[in-house]
Amino acid sequence: MRFASPIFFIIFLPILIFAYFYINVFKTKLFKTHVDFSRVKFLQELVSFNLKEHLYKLLQLLKYVALIFAVIALARPQEGKVFEETNDQGIDIIMALDTSSSMSSLDFKPLNRMEAAKKVTCDFIKERKYDRVGLVIFSGLAFTQCPLTTDKTSLIEFVKDINIGDTGLDGTAVGSAIMTSVNRLKDSKVKSKIIIVVTDGNNNMGEIDPITASKIAQSYNIKIYTIGVGSLEGAIYQIKDPFFGVREVRSTQDAINEDALKEIAVTTGGKYFRAQDTKSFEDIMQHINKLEKSEIKVIQHTLYNELYKYFLIISLCLLIMTVILENTYLRKLP
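Residues numbered from 1 in each chain as written. Predicted model: local features only at pLDDT ≥ 70, side-chain atom pairs only at ≥ 80, totals over all residues. Heavy atoms only, no water.

Q: Account for the overall build of the protein chain, with residues named and values stated.
A: On a plain count of helices and strands, the protein chain comes out with 10 helices and 11 strands. Taking all 334 residues of the protein chain together, 38% fall into the buried category. Look at the contacts in the protein chain between residues 6 or more apart in sequence, and 81% of them connect residues 24 or more apart. Of the roughly 20100 Å² that the protein chain leaves accessible, carbon and sulfur atoms contribute 58%. (Helix = DSSP H or I, 4+ residues; strand = E, 2+ residues; numbered from the N terminus. Buried < 20%, exposed > 50% of the residue type's maximum accessible area, 1.4 Å probe, protein only. Contact = heavy atoms within 4.5 Å. Areas by Shrake-Rupley, 256 points an atom, 1.4 Å probe, with all protein chains shown as cover.)

Q: How would you summarise helix α5 (residues 152–160) if you had to cite specific residues and measurements?
A: Residues lying three or four places apart along an α-helix face the same way, a consequence of the helix completing one turn every 3.6 residues. Among all positions of α5, only Lys152, Leu155, Ile156 and Val159 are buried. Projected down its long axis, α5 carries its buried residues within an arc of 100°, all on one side. (Arc of directions from axis to C-beta.)

Q: An account of unusual backbone geometry is requested, with residue identities and associated values reported.
A: Non-glycine residue Arg76 carries a positive phi angle of around 55°. Mapped onto the fold, Arg76 is located in the loop between α3 (51–74) and β2 (77–86). Accessibility expressed as a relative area gives 33% for Arg76, which makes it partly exposed. Despite not being glycine, Asn221 has its phi angle at roughly 55°, a positive value. In this structure, Asn221 sits in the loop between α7 (210–219) and β7 (222–229). For Asn221, a relative accessible area of 61% gives the class exposed.

Q: So what's going on with the sheet that holds β7? Residues and values would help.
A: Spatially, the six strands line up as an open sheet ordered β5-β4-β3-β6-β7-β10, and their pairing is mixed. Unpaired on one side and paired on the other, β5 (142–149) and β10 (272–275) mark the two borders of the sheet. Recorded for the sheet is a direction-independent mean angle of 15° between the axes of neighbouring strands. Of the pairings in the sheet, the one linking strand β3 (residues 92–98) to strand β4 (residues 132–138) comprises seven bridges and is parallel in character. In the sheet register, Asp98 faces β4, and the bridge partner there is Phe138. Lying on the sheet, helix α4 (residues 113–127) is in contact with β3, β4, β6 (193–199) and β7; it crosses β3 at an angle near 170°. The sheet strands contacting helix α8 (residues 258–268) are β6, β7 and β10, and the helix crosses β7 at an angle near 160°. (Pairing = 2+ DSSP bridges. Axes fitted to C-alpha atoms, helices over the stretch in contact; angles between N-to-C directions.)

Q: With reference to specific residues and values, describe the pattern of salt bridges.
A: Close approach of charged atoms allows side chains of opposite charge to pair. Applying the stated rule across the entire model yields 12 salt bridges. For Arg132, the salt bridge goes to Asp92, with nearest N and O atoms at 2.7 Å. Of this pair, Arg132 sits in strand β4 while Asp92 is found in strand β3, placing the two residues 40 residues apart along the sequence. By relative accessible area, Arg132 is classed as partly exposed at 32%. Taking relative accessible area as the criterion, Asp92 reaches 2% and is therefore assigned buried. Here the salt bridges share partners, and the residues they tie into one network are Lys119, Asp123 and Glu282. (Salt bridge = Lys/Arg side-chain N within 4 Å of Asp/Glu carboxyl O.)

Q: Talk me through the pairing of β6; I want residue IDs and the actual numbers.
A: Across the seven residues of β6, seven count as buried, placing the element largely inside the fold. What you see with β6 is no split at all: Lys193, Ile195, Val197 and Thr199 on one side and Ile194, Ile196 and Val198 on the other are buried throughout. Bridging between β3 and β6 involves six bridges; their strand directions are parallel. For Asp92, the partnering residue across the bridge sits in β6 and is Lys193. Summarising the sheet, β6 and β7 pair through seven bridges and their orientation is parallel.

Pasting the structure below:
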């Protein structure tokens, strides 16, 4: 909150403070009336608590409070609301997340690969303030979970709701994921368009191979960053052993085809990264965040709402109340 005319504080508040102390302190002491009695004991016995006397003193104080609120109203208190206006477009980004069963691996402890990917993706989305971001999920099939949007709150909720097996067909269709993402970006008019593919497996499903899909993306000036998720030692799963109960086993199958992911990235001018734990995953997303900066010029406008009427209403109500009480219940006769 700000005051558009603070000069009224300088003019009136010192006068009100001086008037209060002069009338209620100095003048009372200088012109105090008294009556001489030989013995005051009898008068002391007659004195009792007088409610009206105390209310009358409070009434005098309310007058000054009402005047203070009037001075605040004259100073024009204002509440501002900031609006941001951008004169350029940001970056369009599609996050393509693998939801195959292998994403349940526990090698990203304390999270599995899927939960780690969701956490890091949400953090990345929060950083892209002026960009449109969309979400594609894939395993054996690929489909759009959320189209390009600037509504980051809703998009983060979509990410949090992702579960392994949401596509209904297990496998890893990286090529299909890239083509679904390209379809969301190809008609975009922004200068910079990128796809971030997060996967932990080799392409083994889909109707188009990833290299061909990446070349189509390159024809639309779409850059692809690929992230291979998983430990070099293999995936860790929990199994139910009839003799030893629930235990963890390591699988070295379904290794990531890093050469293919590197070729996808290089073809489109992007980069390939390997995330072996949650920390390295976070570092990769931060690195991509720095590489793909939006060159946005932001103009801030502040719209101020006048609040003086509220203080003026309070002042008038207090003054009306004091006038009514002085002429009724607290009426004082000379």
